[in-house]
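# Residue-level structural notes
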Amino acid sequence: MTQQQAYFEQRTMSELEQLIMSELKKGCLSEESESISNAEARQPGKAPNFSVNWTVGDSAIEVINSTTGKDELGRASRLCKHALYCRWMRVHGKVPANLQRSKITKPNIYHESKLVAREYQAAKACMFRAFIKAGLGAWVEKPTEQDQFSLTP
C-alpha cells in the first residue's frame with residue numbers, strides 16, 4: 001500500500017466513523033428516538049412473524065417467515081447470505097484479474113471472501129468502534145460456522 005493510499009484510507013475511515021456517530025446520534029442516542037434503544041418503542045412480543053422486501057427489478061414482493069427465513073414455498077429469501085454471495089460472485093467473476101483487490105482471485109468460501117475484503121473489514125471495525133464510543137456496547141458476532149459455505153455443490 002502506498003503512502004497516498006494509506007492516507008486516503010485513514011481519512012475515509014475517519015469520515016465513515018463521523019458519519020456513523022452522526023447517524024447514531026440521530027437515531028439510537030436521541031431521547032425522542034423511536035429506535036431500539038428506546039425500551040418503550042421496541043416491543044419484541046408485538047413484532048410481526050414475517051418480513052417483506054422488494055427492490056427495483058423484482059417482479060413481486062417477497063414475504064419471509066421471520067422464524068424460518070423462508071417464503072411460503074420453503075425457499076430461502078433472495079436476501080439470504082447465500083443468494084447475495086451468489087450475486088457477488090457473478091459480479092466478481094466479471095472483474096478482470098488485474099483490477100481485483102482481493103488476494104484470492106477465485107474465492108470459494110463466503111467467510112474467506114469477507115476476510116479478504118479490506119474495505120469491508122475496515123468499515124466493520126469502524127462501526128464497532130463507533131458503537132463502543134456511543135456507549136451502545138460491543139457488537140455481538142454470530143458464530144463463524146454459519147459463514148463457512150461455498151457455492152459449489
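Residues numbered from 1 in each chain as written. Predicted model: local features only at pLDDT ≥ 70, side-chain atom pairs only at ≥ 80, totals over all residues. Heavy atoms only, no water.

## Thoughts on helix H4 (residues 118-133)
One turn of an α-helix holds 3.6 residues; hence residues three or four places apart share an orientation. Taking 1.5 Å of rise per residue, 16 residues should cover 22 Å, and H4 covers 22 Å from first to last C-alpha, within 8% of that figure. Within H4, the full set of buried residues consists of Ala 122, Cys 126, Phe 128, Ala 130 and Phe 131. Of the residues trailing H4, Gly 135 is marked for its positive phi of about 75 degrees. (Helix = DSSP H or I, 4+ residues; strand = E, 2+ residues; numbered from the N terminus. Expected span 1.5 Å × (residues − 1). Buried < 20%, exposed > 50% of the residue type's maximum accessible area, 1.4 Å probe, protein only.)

## Considerations on the nonpolar core
Formed by Ile 20, Met 21, Leu 24, Cys 126, Ala 130, Phe 131 and Ala 134, the largest nonpolar core amounts to 7 residues. Secondary structure elements with two or more residues in this core: helix H1 (3-26) and H4. If we skip the residues at most four places from it in the chain, Ile 20 touches Cys 126, Met 127 and Ala 130. (Core = buried A, V, L, I, M, F, W, Y, C linked by side-chain atoms within 4.5 Å. Contact = heavy atoms within 4.5 Å.)

## Focus on a nonpolar patch on the surface
Side chains of Phe 50, Val 52, Trp 54, Val 56, Ile 61 and Val 63 sit close together on the surface and give an oily, nonpolar patch of about 620 Å² of accessible area. Take Val 52: it is sitting in strand E1 (residues 50-53). (Patch = residues over 30% accessible without salt bridge, like charges linked within 9 Å, V, L, I, M, F, W, Y side chains within 5 Å. Areas by Shrake-Rupley, 256 points an atom, 1.4 Å probe, with all protein chains shown as cover. Salt bridge = Lys/Arg side-chain N within 4 Å of Asp/Glu carboxyl O.)

## Describing the packing of aromatic side chains
One pass over the full model with this rule turns up 6 aromatic pairs. Judged by centre distance (5.7 Å) and plane angle (45 degrees), the rings of Phe 131 and Trp 139 are tilted. Here Trp 139 falls in the partly exposed class, since its relative accessible area comes to 44%. Of the aromatic side chains, those joined through ring pairs into one cluster are Tyr 85, Trp 88, Tyr 110 and Phe 149. (Phe/Tyr/Trp six-rings, centres within 6.5 Å; stacked < 30°, edge-to-face > 60°.)

## A closer look at the pattern of salt bridges
Counted under the stated rule, the structure contains 5 salt bridges. Between Arg 78 and Glu 62 there is a salt bridge whose closest N-O contact spans 3.9 Å. Of the two residues, Arg 78 is situated in the loop between strand E2 (62-65) and helix H2 (81-94) and Glu 62 in strand E2; the sequence distance between them amounts to 16 residues. A single burial state applies to Arg 78 and to Glu 62, both of which are buried. Put simply, Asp 71 and Arg 75 hold a salt bridge, and the shortest N to O gap is 2.7 Å. If you follow the salt bridges from partner to partner, you end up with Asp 58, Glu 62 and Arg 78 in one network.

## Thoughts on the pairing of E2
Only one face of E2 is buried: it carries Glu 62 and Ile 64, and the other face, with Val 63 and Asn 65, is open. Here E1 pairs with E2 via 4 bridges, running antiparallel. Residue pairing for E2: Phe 50 is matched across the bridge by Asn 65. (Pairing = 2+ DSSP bridges.)

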